[in-house]
Amino acid sequence: MRKLIFYITVLLSNVGFTQDYESYFLGNPTNIDTETNFGICLMGGAQENDQAMQWFLNKANGGDVVVLRTSGSDGYNDYFLNQLNASINSVETLVINNEGGATDAYVLDKVSNAEAIWFAGGDQSTYVDYFKDNALNDLLNAHVNIKQAPIGGTSAGMAIMGEFYFDAINGSVTSSEALANPFNNSISIGQGSFLEIPFLEQSITDTHYDNPDRKGRHIAFLSRIVDETGERAFGIAAEEFVGICIDENGQASVYGEYPSFDDYAYFLQVNCLASYEPEILNNEVPLTWNLNNEAIKVYEVAGTETGNHSFNLNDWETGNGGTWQNWWIDNGNLFTLAAEAIDCENLNSTSFKEFKHTIYPNPVKTTLYVETSNFEDISSIQVFDINGNTVINKFLINANSIDVSTLKPAVYFVKIKTTSSNYFQKIIKQ
C-alpha cells in the first residue's frame with residue numbers, strides 16, 4: 001500500500017565555513033574508500049521507490065554517500081542510512097546556495113571522496129547555474145567515468161542527467177504549451193558540456209510523467225533536438241513513483257508497484273526512417289510530426305517491485321516485459337497506438353568501455369602519450385587534480401604526447417575530448 005512517509009530525523013549538522021552551502025551529516029565521520037560499481041538511478045519525482053534506492057546504495061559497496069541539492073535540508077540522511085537495509089558508511093547532504101558553494105574546497109573534497117552521489121529534486125535551473133562548467137562539474141564526471149561509481153537523482157536531479165536537458169531557466173512548460181508552439185520561450189534546452197553519463201548520450205529525460213501528463217512536451221523537446229543537431233534523439237521518462245536503474249551493460253531495470261498501480265517508464269526514440277524530421281516545426285505554429293503515424297517509437301515498461309522488466313540502452317531495441325507504441329503529433333495533438341518493435345541497425349550507444357584511446361605510461365614521470373587511430377578527432381586534453389582544479393588544458397590536433405613533468409607527484413584525472421565523445425582515465429604522477 002502506497003503512503004506518504006514523513007521522515008523526522010535528528011539533525012547532525014556541520015555548517016560550512018561560509019554561507020555558500022550547508023552540510024548535514026549522519027553516520028561514521030571517518031571516510032572510507034570502497035570498490036564501487038557503476039550504476040545510474042533515475043527517479044520519477046514523488047516518493048522514492050525503496051527497491052530502486054537499495055539497488056543504487058548497494059552500488060556504493062558500503063562507502064560514503066553525498067546528496068547534492070540547492071534547497072531543503074537533510075531529508076535523505078536517515079532514509080538512506082537507516083531505513084533501506086543498505087550498508088553504507090555515511091550520508092552527507094550538501095545544500096549548495098550558489099556557485100561559490102559548489103566550488104568550495106570542503107564540498108569538492110566530499111564529492112571527490114564519495115562512493116555514491118544523489119541529486120535531490122528542486123529547481124534544475126539552479127543545478128545548471130551552480131554545478132556547470134566548474135571544478136564540481138569535472139568531479140561529477142570523474143565520479144562516473146573514472147571511478148565508475150553510482151550516480152542518480154529524482155525530479156530536477158533526474159532532469160539534468162542526459163546529454164540534453166530541459167534547464168527550466170525560463171520556467172516550466174506544459175505539454176499543451178509546448179505542442180502549440182515548440183519554440184515557446186520556456187523551452188530552454190541545454191546541450192552537452194555538463195554531465196557526461198554513459199548510455200544517456202543524445203538523450204533527454206523527463207519526470208513526473210503522469211502528473212501532469214508530460215508526453216507532449218517531451219516530444220516537443222525531441223523535435224527541437226532533431227532540428228538543432230540533424231540527428232535522431234532519444235528520451236527516457238519516469239512516472240512519479242517509478243525508478244529506472246541502469247547497470248554497466250546499459251540494462252535499464254524499472255521499479256514500481258505494478259500491477260497494484262499503473263507505474264510506467266518510457267523509452268522514446270525518433271524513428272529510424274530515411275527522413276525523420278518533423279513536417280511542421282515553426283515558431284508560434286502547432287507542431288506536426290506524423291511520418292505516417294510512426295514519428296516516435298516508444299517502449300513502455302511497467303515497473304515492478306523486483307525490477308524484472310527492463311529495456312536495453314546499449315541497443316535501444318531489446319526489452320523485457322514492455323510493449324511497443326507509435327506516438328505522433330498532428331497540429332499540436334498527441335496520438336498513440338500499439339505498434340511493432342523498432343528495427344534499426346547500428347544503434348549501439350557509446351559506453352565507457354567502448355572508447356578506443358589509450359593513455360600511457362601510468363604511472364608517469366615526464367611525458368604522457370595518447371594512442372589512438374583518430375588523432376584528428378581530438379579537440380583537447382585536460383588534466384585536473386583530485387579537487388577538480390584544471391592543471392593542464394591543451395588543444396591538440398595530430399599530437400600524441402603531453403608534458404606532465406612540472407606536476408607534483410599525486411593522483412590526477414585525464415579527460416580527452418573528441419568530436420564525438422569524451423574519455424576519462426586516472427593517472428599517477430611519480
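For every chain, the first residue of its written sequence is number 1, and the numbers climb from 1 along that sequence. Given that this is a predicted model, residues contribute local features only at a pLDDT of at least 70 and side-chain atom pairs are listed and counted only at 80 or more, while totals for whole chains, interfaces and linings are drawn from all residues. With hydrogens and water stripped out, all remaining heavy atoms of the structure feed into the side-chain values.

**Some words on the overall build of the chain**
The secondary structure content of the chain amounts to 9 helices and 25 strands. We call a residue buried when its accessible area falls under 20% of the maximum for its residue type, exposed when it is over 50%, and partly exposed in between, using a 1.4 Å probe and counting protein chains only. Within the chain, the fraction of its 430 residues that count as buried is 58%. By definition, residues are in contact when any of their heavy atoms lie within 4.5 Å. Pairs at least 24 apart in sequence give 72% of the contacts found in the chain among residues at least 6 apart. Secondary structure is summarised from DSSP: a helix means a run of H or I of at least four residues, a strand means a run of E of at least two, and numbering begins at the N terminus for each.

**Observations regarding the pattern of salt bridges**
Each salt bridge in this description consists of a side-chain nitrogen of Lys or Arg and a carboxyl oxygen of Asp or Glu lying within 4 Å of one another. This structure, assessed with the given rule, holds 6 salt bridges. Where Arg-217 meets Asp-206, a salt bridge forms, and the shortest distance between an N and an O atom there is 2.9 Å. Of this pair, Arg-217 sits in helix α9 (residues 215-229) while Asp-206 sits in strand β9 (residues 203-206), and the two are 11 residues apart along the sequence. Each member of the pair, Arg-217 together with Asp-206, is buried. Note that Glu-228 is salt-bridged to Arg-224, the shortest N-O span being 3.3 Å. In this pair, Glu-228 and Arg-224 are both assigned in helix α9, 4 residues apart and thus about one turn of the helix distant. A relative accessible area of 12% means that Arg-224 is categorised as buried. Residues joined by salt bridges that share partners form a network here, namely Asp-206, Arg-214 and Arg-217.

**So, the state of the cysteines**
Note on disulfides: each one is a pair of cysteine sulfur atoms within 2.5 Å. Considering all chains together, one arrives at 1 disulfide under this definition. Linked covalently through their sulfurs, Cys-272 and Cys-344 form a disulfide whose S-S length is 1.5 Å. Judged by the sign of its S-S torsion, about -85 degrees, the cystine formed by Cys-272 and Cys-344 is left-handed. With Cys-272 in the loop between β13 (264-270) and β14 (296-302) and Cys-344 in the loop between β18 (333-338) and β19 (358-360), this pair connects stretches of sequence that are 72 residues apart. Of the residues examined, Cys-344 reaches a relative accessible area of 9% and is grouped as buried. With no disulfide of its own, Cys-41 has Cys-245 as its nearest cysteine by sulfur position, at a separation of 3.9 Å.

**Quick notes on the sheet that holds strand β20 (residues 367-371)**
For two strands to count as paired, DSSP must find a minimum of two bridges between them. With antiparallel pairing, 3 strands are arranged side by side in an open sheet as β19-β20-β23. Sheet topology places β19 and β23 (401-403) at the edges, where each strand pairs with a single neighbour. Pairs of neighbouring strands in the sheet enclose a mean axial angle of 20 degrees, with direction left out of account. By the bridge criterion, 3 bridges tie β19 to β20 in an arrangement that is antiparallel. By the bridge assignment for β20, Thr-358 is matched with Glu-371. To get an axis, a line is fitted to the C-alpha atoms, and for a helix only the part in contact is used. The angle between two axes follows their N-to-C directions and goes from 0 to 180 degrees.

**So, helix α5 (residues 124-131)**
For α5, a buried count of 7 out of 8 residues is recorded, marking the element as mostly surrounded by other parts of the structure. By the burial criterion, the buried members of α5 are Gln-124, Ser-125, Thr-126, Tyr-127, Val-128, Tyr-130 and Phe-131. Directly after α5, the chain includes Asp-133, whose backbone phi takes a positive value near 60 degrees.

**Some remarks on the sheet that holds strand β12 (residues 251-255)**
If you walk across this open sheet you meet the 10 strands as β1-β4-β3-β5-β6-β2-β11-β12-β15-β16, and the pairing is mixed. Every other strand in the sheet has two partners, leaving β1 (21-27) and β16 (319-320) as the edge strands with one partner each. Along the sheet, α5 makes contact with β3 (64-69), β4 (90-96) and β5 (116-119), crossing β3 at roughly 110 degrees. Taken strand by strand, helix α6 (residues 135-145) contacts β3, β5 and β6 (151-154), and its axis lies near 125 degrees from that of β5.

**Regarding α6**
Of all 11 residues in α6, 11 are buried, a share of seventy percent or more. For α6, the complete set of buried residues consists of Ala-135, Leu-136, Asn-137, Asp-138, Leu-139, Leu-140, Asn-141, Ala-142, His-143, Val-144 and Asn-145. Two N or O atoms count as a polar contact when they lie within 3.5 Å, although within protein this holds only if one can serve as hydrogen donor and the other as acceptor, and sequence-adjacent residues are included solely when both atoms are side-chain atoms. With a side-chain oxygen positioned 3.1 Å from the backbone nitrogen of Leu-136, the residue opening α6 is Asn-134.

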